[in-house]
Amino acid sequence: MSLPDGRVQLGQVPERPTTRGGLARYVLAATLARSADGGAVVAIVLLVTTSGAPGWLAGILGACITAPHLLGPLIARRLDTARDGRMVIAMACMAHGVTLAAAVLLYPLTWPIVPALLLIASGLVGPLLTGGISSRLAAIAGSDRTSQRRAQGWDVATYGIGGTIGPSLVAAVSAWADPAVAALILAGSTFAAAAMVRLLPYAPPAAAPSEIPRPGKTLLMMVSHGPLRRTLYLTVVVALSVAALPITAVASTGELSVDPAAAGVLTAAYGLGGLIGSAGVMIRPMRTDADPLMTWLGAAVGAALCGAAVAGVFPVAVAAYSLAGILNSYFFAATLASRSEYAPAAVRGQVFVWIGALKITAGSAGTALAGAIIAPAIQLPLFLAAGLIAVATVASVLDRHREHKIPTKVAS
C-alpha cells in the first residue's frame, strides 16, 4: 500500500468492519486497566506514608511499580507471537492485580523487599495494560482512516479518564477507609478489565512466531524506518516536556498571586483540556497523514508551553494549561495513528509497547528534571521544554525532507 508521497506504508490495518460493541468493550477494558495502572503508585505511596514509614521508602516502593515499565518491551513480543493476543493482555491484567494486592497485604507483615519485588513484577506488565491494549484497536475500529482516527480519539480519552479516575479513587477511598482498601479495589478492577479484554473481537496473528523479530531487532527496525523513528523521538520529547507542567503549576502560584492550592486548578485545566481534545478527535477525526501531522502538532504543544510560561495572570495561565492539554491530546492521537498505520502488522504489539514504555519513562524523567532545575527560575523548565520540542520538530522536518530527496538522487 503506497502513501501519497510514494513511500510504502508498512503496517496494514485489518480489513474488518467497525464493531460498535467491540469498541465499547475496548473503551471499558482500557479505562479499567489504565485506572489501575495510574492509581497504583498513588495508593502505594499513601500506604507507606500513612503507616509512619520514612518518605524515602515510599519513593522507592513507588518507583518499583513505575521504573519496570521500561522493561515492558522485553515481554511484548508475546503479544505478536500468541495465537490469541487477548489472552496475553488478560493474563497481564490479572498478574498486575494479583501482585499489587499481594504487595499491599504483605507490606505490614514482611520486610519491605518482599512487596518491592511484587511491585516490580506488577510494573513489568504495566506496559501491556497501556500500549499493549492500544495495539488491539486496529482490529476493532474498522479499515477506513476516519473510523481508525475516531477510535484513536476514544483511546486517548481512556488514558485521560484512567489517569484521573485512578488517583481520585485512591484519594476518596483512602479518606473513607485506608490506602490498602483503595489498592485492593484497583487490583479488583484489573480482573474486570481482563474479562472485558477477553470479550474483544478476535484478531489472528499476522505471522508465524519464527518470523517475528525479537525486541532488539524491532527497536532497530523502528529507528531505521522514517515515520516510526519520528514517532519515537517526537513522542519521547513531548512526553518529557509536558511533564514539567505540574511542577511549574505548583511553583508559579506565587508569581500568579493566587493561593498555593490553585495549582490544582491549573493541573485540572490541563486534564480537562486533554479530555476536550480527545472528544474533538472523536467528533472530527484528523485526515492528514500521521507523519507530518505529528510534527506540526508537536510544534503547537511547544508553543502552548511557551504560552503557559509567559502567562502573567491566573486566568490566562488556566487558558494556557487547558490549550496545552487539548493540543497534547491531538498530538497523542496522531502518534497512535502513526504507530497503527506504519508499524508492520507482525510487530504492531511490540511497536506500541516500545513507544508506550519509553513515553512513560520520559514523563518520569521530565518530572524529575523539572523539579531539579526550577529553583533558579520558575518558568525555566517550560522554556527549556519548548526549546527541546522545537529542536525535535525541526529535526523531523529535515529528516522527512532528506527521505523525500533520496529517490530523486537515485533516479538521476
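Just so you know, these numbers come straight off a predicted model, no measurement behind them.

Comments concerning the overall build of the protein
So, step 1. When its secondary structure is counted, the protein shows 17 helices and zero strands.
So, step 2. Its C-alpha atoms give the protein a radius of gyration of 21 Å, near enough to 22 Å, the size a compact globule of 412 residues would have.
So, step 3. A principal-axis box enclosing the C-alpha atoms of the protein has dimensions of 70 × 50 × 35 Å.
So, step 4. Here the protein, with 412 residues, has 53% of them falling under the buried criterion.
So, step 5. Of the contacts formed within the protein by residues at least 6 apart in sequence, a portion of 85% connects residues at least 24 apart.
So, step 6. Carbon and sulfur atoms form 72% of the exposed surface of the protein, whose accessible area is close to 16,900 Å².
So, step 7. In the protein, the 27 positive side-chain charges and the 16 negative ones have mean positions that sit 6 Å from each other.

Topic: the environment of V42
So, step 1. Positionally, V42 belongs in helix α1 (residues 20-50).
So, step 2. On a C-alpha basis, the gap between V42 and L169 in space is 10.0 Å, while along the polypeptide they are 127 residues apart.
So, step 3. Excluding its chain neighbours within four sequence positions, the residues that come into contact with V42 are P167 and V170.

Brief notes about the packing of aromatic side chains
So, step 1. For the structure shown, the criterion picks out one aromatic pair.
So, step 2. Sitting over the ring of Y159, R34 keeps its end group 3.8 Å from the ring centre.
So, step 3. The residue whose ring lies beneath K359 is F332, and the NZ or CZ to ring-centre distance is 3.4 Å.

Some thoughts on the pattern of salt bridges
Side chains that differ in charge, positive against negative, can pair when their charged atoms come close.
So, step 1. Under the counting rule described, the total for this entry stands at 12 salt bridges.
So, step 2. With its nearest N and O atoms 2.8 Å apart, the salt bridge here joins D399 to R229. One end of the pair, D399, is in helix α17 (residues 380-411); the other, R229, is in helix α11 (residues 226-242), and 170 residues separate them in sequence. The same class applies to D399 and to R229, which are both buried.

Digging into a nonpolar patch on the surface
So, step 1. On the surface, L106, L109, W111, I113, V114, L117 and I120 cluster together into a nonpolar patch covering about 740 Å² of accessible area.
So, step 2. Considering each element in turn, the nonpolar patch owes the most residues, four residues, to helix α5 (residues 113-124).
So, step 3. Locating L106 in the fold gives a position in helix α4 (residues 85-106).
So, step 4. Overall, L106 belongs to the partly exposed group, its relative accessible area being 31%.

Points about the environment of P205
So, step 1. Mapped onto the elements, P205 comes out in the loop between α9 (179-198) and α10 (215-224).
So, step 2. Overall, P205 belongs to the partly exposed group, its relative accessible area being 35%.
So, step 3. Counting along the chain gives 140 residues from P205 to A345, while the straight-line C-alpha distance between them is 8.6 Å.

Concerning the confidence of the model for the protein
So, step 1. This prediction gives the protein a mean pLDDT of 87; 93% of its residues lie at or above 70.
So, step 2. With pLDDT under 50 throughout, residues 1-18 is counted as low confidence; its partners more than four residues away or in other chains account for 56 contacts.
So, step 3. Segment residues 408-412 is flagged for pLDDT under 50; beyond a separation of four residues in sequence, or across chains, it makes zero contacts in the model.

Regarding helix α12 (residues 244-251)
So, step 1. Within α12, burial applies to A244, L245, T248 and A249. One face of α12 carries all of its buried residues, which in axial projection span an arc of 135°.

Looking at the packing of α10 against α11
So, step 1. Direction vectors running N to C along α10 and α11 enclose 100°, while the axes themselves pass 5 Å from each other. Relative to α11, the element α10 is oriented roughly perpendicular. Contact residues: L219, M221, M222, V223 and S224 in α10; G226, L228, R229 and L232 in α11.

About the cut-offs
Residue numbers run consecutively from 1 along every chain, following the written order of its sequence. Selection of residues for local features in this predicted model requires a pLDDT of at least 70, selection of side-chain atom pairs for listing and counting requires 80 or more, and totals for whole chains, interfaces and linings are taken over all residues. For the side-chain quantities, the full set of heavy atoms in the structure was used; hydrogens and water were omitted. Secondary structure follows DSSP: runs of H or I at least 4 residues long count as helices, runs of E at least 2 residues long count as strands, and numbering of each begins at the N terminus. Here the globule rule reads 2.2 Å times residues to the power 0.38, and the radius of gyration is calculated from C-alpha atoms. Relative accessibility decides the category of a residue: with a 1.4 Å probe and only protein chains considered, values under 20% of the type maximum give buried, values over 50% give exposed, and everything between is partly exposed. A contact between two residues is defined here by any heavy atoms of the two lying within 4.5 Å. In short, Shrake-Rupley with a 1.4 Å probe defines the accessible areas, and a residue's cover is counted only from the protein chains shown. Only four residue types enter the charge count, namely Lys and Arg as positive and Asp and Glu as negative; His and the chain termini do not. Positions of charges follow a simple convention, taking NZ of Lys, CZ of Arg, CG of Asp or CD of Glu. Here a Phe, Tyr or Trp ring, Trp counted by its six-membered ring, pairs with any other such ring whose centre lies within 6.5 Å, and the pair is stacked when the planes are under 30 degrees apart, edge-to-face when over 60, and tilted otherwise. A ring is scored as having a charge over it whenever the NZ atom of a lysine or the CZ atom of an arginine sits within 6 Å of its centre and within 35 degrees of its normal. What makes a salt bridge here is a side-chain nitrogen of Lys or Arg within 4 Å of a carboxyl oxygen of Asp or Glu, nothing more. The residues that make up patches have over 30% relative accessible area and no salt bridge, and they are joined within 9 Å when like-charged or within 5 Å when they are Val, Leu, Ile, Met, Phe, Trp or Tyr. Confidence per residue, as judged by the predictor, is encoded in pLDDT with a range of 0 to 100. What the arc covers is the set of directions going from the helix axis to the C-beta atoms. To obtain an axis, a line is fitted to C-alpha atoms, over the contacting stretch when the element is a helix, and the angle between two such axes runs from 0 to 180 degrees between their N-to-C directions. Just so you know how the angles are binned, under 35 degrees is roughly parallel, over 145 roughly antiparallel, 65 to 115 roughly perpendicular, and the rest oblique.

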